[in-house]
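Here are the chains, one letter per residue:
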Amino acid sequence: MDRPRITIFDTTLRDGEQSPGCSMNVQEKLRLAQQLDRLGVDVIEAGFPIASDGDFEAVQSIAASLRRPIIAGLARACTGDVDRAWQALQGAAHPRVHVFLATSDIHLKYKLRITREKCLEQARDAVRHAKSLCPDVEFSPEDATRTDVAFLCQVVEAAIAAGATTVNIPDTVGYSMPEEYGNLIRTLREKVAGIDRVTISTHCHNDLGLAVANSLAGVQAGARQVECAINGIGERAGNASLEEIVMAMRVRPDRYPYETAIAGEHLYPSSQMLAEITRVPVQPNKAIIGRNAFAHEAGIHQDGMLKNPLTYEIMTPQSVGVPDSRLVLGKHSGRHALALRCEQLGHQFERRELDEIYRRFVVLADRIKKVQDSHLLELIQDVASGNVSSSDVTGGKGKKFPPAAATLQFPRAVSAAAGAHASDSHPAQVSGSAGQASVSIPFTDHHSEQEDYLWGV
Ligand SMILES: [Zn+2]
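This is a predicted model, so every value here is computed, not measured.

Below, the discussion takes up helix α12 (residues 335-344). Those residues of α12 that sit buried are A337, L338, R341 and C342. Burial along α12 is one-sided: seen end-on, the buried residues are contained in an arc of 135°. Count one or two residues on from α12 and you reach G346, which has phi positive near 90°.

In this section: the pairing of strand β2 (residues 43-47). Burial analysis of β2 places five of its five residues in the buried class, the great majority of the element. With two bridges connecting them, strand β1 (residues 7-10) and β2 associate as parallel partners. Bridged to D10 within β2 is I44. Between β1 and its parallel partner β2, the chain crosses via helix α1 (residues 26-39), and the hand of that crossover is right-handed. Taken together, β2, helix α2 (residues 53-65) and strand β3 (residues 70-76) constitute a β-α-β crossover, and its handedness is right-handed.

It is worth spelling out the pattern of salt bridges at this point. Counted by the stated rule, this structure contains 23 salt bridges. Among the ionic pairs, D148 bridges to R116, the shortest N-O distance being 3.8 Å. Residue D148 is found in the loop between β5 (137-142) and α6 (149-161), and its partner R116 is found in helix α5 (residues 116-133); the two are separated by 32 residues along the sequence. Residue class for D148 comes out partly exposed when judged on its relative accessible area of 35%. When its relative accessible area of 28% is taken as the criterion, R116 is described as partly exposed. A salt bridge links D207 to R236; the shortest N-O distance between them is 2.7 Å.

Definitions and cut-offs
- Residues numbered from 1 in each chain as written.
- Predicted model: local features only at pLDDT ≥ 70, side-chain atom pairs only at ≥ 80, totals over all residues.
- Heavy atoms only, no water.
- Buried < 20%, exposed > 50% of the residue type's maximum accessible area, 1.4 Å probe, protein only.
- Helix = DSSP H or I, 4+ residues; strand = E, 2+ residues; numbered from the N terminus.
- Arc of directions from axis to C-beta.
- Pairing = 2+ DSSP bridges.
- Right-handed = clockwise from strand over helix to strand, strands pointing away.
- Salt bridge = Lys/Arg side-chain N within 4 Å of Asp/Glu carboxyl O.

It is worth stressing that arrangement in space is one thing and function is another; only the former is reported here.
Structure representation (structure tokens):
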């Protein structure tokens, strides 16, 4: 029983990083990319090389250090962008150039100020140029869902003829409805010559909370790649959430009989690592990886859970890598338990680092009864950045580590396990994206007035 394989294209480091407060430096991007590799994503969109030197460097270093996944670099549909993306991808074992160009009349008229004919020509030329450099070329008609369907078919057909191997259909503004999006994919499959030779991809935004539903509708209609991001981060309301897409297919194979290569046990560590790096917490009730996702409070639910977890659990916490709450970290916990929990949170340490973390952990555990994951992540952060932890300060800021809430011990339930909510005391959530400050656009051939769409798709 061979189920169709869905390619998971992760854009946490590109579209995700464009969300306010989520910018990352090169080292942080590399660290997260390594985690995405462990998670098993097929494609990592590592950045937008022409956007800034930092983005270029990040793509370059990720391309040089990860050998398994495809590494994609984004480019607008012009020679300069494509060349810069290709340059950043030089060290990649499996490079992909991702070219995008808006196709909706609204974007053509007000943003690009070009005609449909010019748009068609520009898409064809850019894909052809990308193809002359790189065998793996993805093309995205930006704002596809608000594009005249006949014209969209024409552009996609031209991109395929010019050598695109993946065509991505972005719902850039999160406007589409699931049935509508599915129908659009079906129409493309019916009308576009050569489309059966390429992979169709989804890229859905969450402005109406439908990014995951739209992506799944796209898959049911024949798309075989899904673009998504950890914790659903991305422009505005975000992208389709990777963990939700993957688990929807895994929990409901009767409806979505598709396979992905994602290692479920790395979902939670990946989510935690992203929250820790960006200091942007995950909402408590976030599906799959929120700290309440496996918590049960109502008495009748608790009763059911104690009798049999199947009463209220459609997946186990372990299947998505949420640590078992029975392993409570307190002052009697040993080094081994601490190392294990760190590992579950996506951190592996050398002996000396672990010694330092353990030392601080014991001081902290002495003050508060139970050390939550959020406390531990903060402590790890302190050690990594060489800060004197508040756990070292006698009678220090009690507010930083509030006493942990009581946790009910269900057979497999975890409550308050996630808790990337420790950012209260951090100068986090600085609005605006630091990466955007250094945007440089050396190639202005037909982009002199197009800076505003540097952060597109
Ligand atoms: Zn996007």
